[in-house]
Amino acid sequence: MRALVVYSHPAEGSFNAAIRDIVLAKLQDAGADYRLVGLYSDGFQPVLTAPEWSGYLDAPANRAPVARYCADVEWCDTLIFVYPTWWYGLPAILKGWLDRVLLPDVAFLMPDGQNQTIRPALNQITRMGVFTTCGASWWLTRFVGAPGRRTLLRGVGLLCHPKAKKVFAAHYLMDSSTEASRARHLDKVRAQMDKLIGATVPAPQLKEQTQ
Amino acid sequence: MPRALVVFAHPCEESFSSALHGATLSALAKGGWEVDDCDLYAEGFSPILTAQERRDYHDTAINTAPVQGYVDRLRAADALVLVFPVWNFGYPAILKGFFDRVFLPCVSFTLGEERLKPCLDNIRKIATITTYGATPMRAFLAGDPPRKLIKRAVWGVTKAKKVRYLALHDMNNATQAKREGFLARVSTEMAAF
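Treat the numbers as computed from the prediction; the structure is a model and nothing was measured.

Conventions and cut-offs
- Residues numbered from 1 in each chain as written.
- Chains lettered and ligands numbered in written order.
- Predicted model: local features only at pLDDT ≥ 70, side-chain atom pairs only at ≥ 80, totals over all residues.
- Heavy atoms only, no water.
- Pairing = 2+ DSSP bridges.
- Helix = DSSP H or I, 4+ residues; strand = E, 2+ residues; numbered from the N terminus.
- Axes fitted to C-alpha atoms, helices over the stretch in contact; angles between N-to-C directions.
- Contact = heavy atoms within 4.5 Å.
- Parallel < 35°, antiparallel > 145°, perpendicular 65-115°, else oblique.
- Nonpolar A, V, L, I, M, F, W, Y, C, P; charged D, E, K, R; others polar.
- Salt bridge = Lys/Arg side-chain N within 4 Å of Asp/Glu carboxyl O.
- Polar contact = N/O pair within 3.5 Å; in protein donor to acceptor, adjacent residues only side chain to side chain.
- Core = buried A, V, L, I, M, F, W, Y, C linked by side-chain atoms within 4.5 Å.
- Buried < 20%, exposed > 50% of the residue type's maximum accessible area, 1.4 Å probe, protein only.
- Phe/Tyr/Trp six-rings, centres within 6.5 Å; stacked < 30°, edge-to-face > 60°.
- Lys NZ or Arg CZ within 6 Å of the ring centre and 35° of its normal.

Draft legend 1. Structural view of the sheet that holds strand β7 (residues 162-168) of chain B. Residue and element names in this part refer to chain B. If you walk across this open sheet you meet the five strands as β2-β1-β3-β6-β7, and the pairing is parallel. Looking along the sheet, the strands with just one partner apiece sit at the ends: β2 (34-39) and β7. Ignoring which end each strand starts from, the neighbouring axes of this sheet average 15 degrees apart. Sitting on the sheet, helix α3 (residues 68-75) is in contact with β1 (3-8), β2 and β3 (79-85), with an inclination near 150 degrees to β2.

Draft legend 2. Region of the structure containing the packing of helix α7 (residues 147-156) of chain A against helix α6 (residues 145-158) of chain B. The contact between α7 of chain A and α6 of chain B brings their axes to 9 Å, and the two run at 175 degrees. What the angle tells us is that α7 of chain A and α6 of chain B run roughly antiparallel. Two secondary-structure elements touch here, α7 of chain A through Pro-147, Arg-150 and Thr-151 of chain A and α6 of chain B through Pro-145, Lys-148 and Leu-149 of chain B. For the contact of α7 of chain A with α6 of chain B, the per-class residue count stands at three nonpolar, one polar and two charged.

Draft legend 3. Seen up close, the interface of chain A and chain B. Each partner contributes residues to the interface: chain A has 39 residues there, and chain B has 43 residues. Run the count over chain A and chain B and you get zero salt bridges. In this structure, the connection of chain A to chain B is made through 14 residue pairs in polar contact (both at pLDDT 80 or more). Residue composition of the side of chain A that touches chain B, grouped by class: 25 nonpolar, nine polar and five charged.

Draft legend 4. Structural context of the nonpolar core. Ranked by size, the top nonpolar core spans 48 residues in total, and within it Leu-40, Leu-95 and Phe-103 of chain B carry the most contacts. Listing elements by their share of this core, those giving two or more residues are β1, α3, β3, α4 (93-102), α6 and β7 of chain B. Every residue in contact with Leu-95 of chain B, bar those within four places of it in the chain, is listed here: Val-7, Ala-9, Leu-40, Leu-82 and Phe-84 of chain B. Within the second largest apolar cluster, 45 residues are counted, among which are Val-37, Val-66, Phe-81 and Leu-90 of chain A.

Draft legend 5. The arrangement of the packing of aromatic side chains in detail. Tallied over the entire structure, the rule returns 15 aromatic pairs over all chains. Look at Trp-138 of chain A and Trp-139 of chain A: their rings are 4.9 Å apart centre to centre, the planes differ by 90 degrees, and that puts the pair in the edge-to-face class. Between Tyr-70 of chain B and Phe-98 of chain B the ring centres are 6.0 Å apart and the planes differ by 85 degrees, which places this aromatic pair in the edge-to-face class. Taken together, the residues span a long stretch of sequence, with Tyr-70 of chain B in helix α3 and Phe-98 of chain B in helix α4 at a distance of 28 residues. Taking relative accessible area as the criterion, Phe-98 of chain B reaches 1% and is therefore assigned buried. What links up through ring pairs into an aromatic cluster is the set Trp-87 and Tyr-88 of chain A together with Phe-45, Tyr-70, Phe-84, Tyr-91, Phe-98, Phe-99 and Phe-103 of chain B. One residue, Arg-20 of chain A, lies across the ring of Tyr-7 of chain A, its end atom 4.6 Å from the ring centre. The ring of Phe-193 of chain B carries Lys-125 of chain B above its face, with NZ or CZ at 5.6 Å from the centroid.

Draft legend 6. Molecular detail of unusual backbone geometry. In the segment running from Ala-59 of chain A into Pro-60 of chain A, the intervening peptide bond is cis, with an omega of 0 degrees. As for its placement among the helices and strands, Pro-60 of chain A is situated in the loop between α3 (50-54) and α4 (67-75). If you check the backbone angles, Phe-89 of chain B has positive phi at about 65 degrees while not being a glycine. Here Phe-89 of chain B shows up in the loop between β3 and α4. On the basis of relative accessibility, which here comes to 18%, the residue Phe-89 of chain B falls in the buried class. Positive phi, normally seen in glycine, also occurs at Lys-159 of chain B, with a value near 55 degrees. Mapped onto the fold, Lys-159 of chain B is located in the loop between α6 and β7.

Draft legend 7. Structural context of the environment of Asp-33 of chain A. All names here are of chain A. Among the structural elements, Asp-33 can be located in strand β2 (residues 33-38). Among the residues examined, Asp-33 registers a relative accessible area of 40% and is labelled partly exposed. In sequence terms Asp-33 and Arg-2 are 31 residues apart; their C-alpha atoms lie 4.8 Å from each other.

Structure representation (structure tokens):
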């Protein structure tokens, strides 16, 4: 398993950092290869520029400004997002990662002579995990249509393998969270990670023996 | 004269979004609005909410300081008009960051004892002018996040009386005639806004 973890919180020591660490520990325990992309610590620039927009369809040159990030996406078979929900959606820095990195011929194929519509190009991704925190309640989030969850699980999900396994966990009402509610949520993250990567992952020892 | 804040998010002058932006500005002016044109790319807006802003987020004495100019423009507006392309089922990052950084506690909402209270009740009308690569069906299947965000979340902090959402879908297959038709519709609607 090759897992890419995309993490987007500005402050170390945040609850999101704790979620990230559990995700990484689970991947490590499972003997997975993983890469962590910390968008804030990378100083990732989320604004798609004018030259990028003009050259958007010009593959493979379109990936040049973000080649490293594109390579991560093509490398992975498991894609995991850890982020706080702001204004019901993804932090701008993560939205910009989608805008700039999930390019034509990286994440999808544009319509051409044979095909009328956009086609997915991330078929190798068979597992997706989305872990977030929300200030709003479950009801309010649902009323607004859960844009963050939908952008990732459905929007990006449509570009992945059609039968990709998907897990999601959110801690709602973060501003009135307690130590107990946060601990419960971290347990939920552990359980969802087991569900996502559990059975199909070879144990680390086995992997070493076969090499 | 009522004042309309037009928030625009596209990097390129030659784009169709830019044409929609131009048509919106002139139609609003023709309709008797004083227009405040907020072109996020041209103004070099940074959409990244910083670690310090996160720490100060709920401290309403200082949370607006890094974006005070934008807060003032929002508070001075009687209408909010958003012009942007839908990218990856959502706002361009630069516009998402405008919400993250400017729509702060005590700017857009207050956390009351029990519930959120809207703060932008100066905004009486909201319009969105946008384009999708997706077909209407695909946008619907993906849950159409930008439409719901504007009609529910942004509406929720303004309680605006009028909300218009004008969208052209399936841009990759849109003919010249279809694009011109949409431009004309935008001009008509915004002149009568």
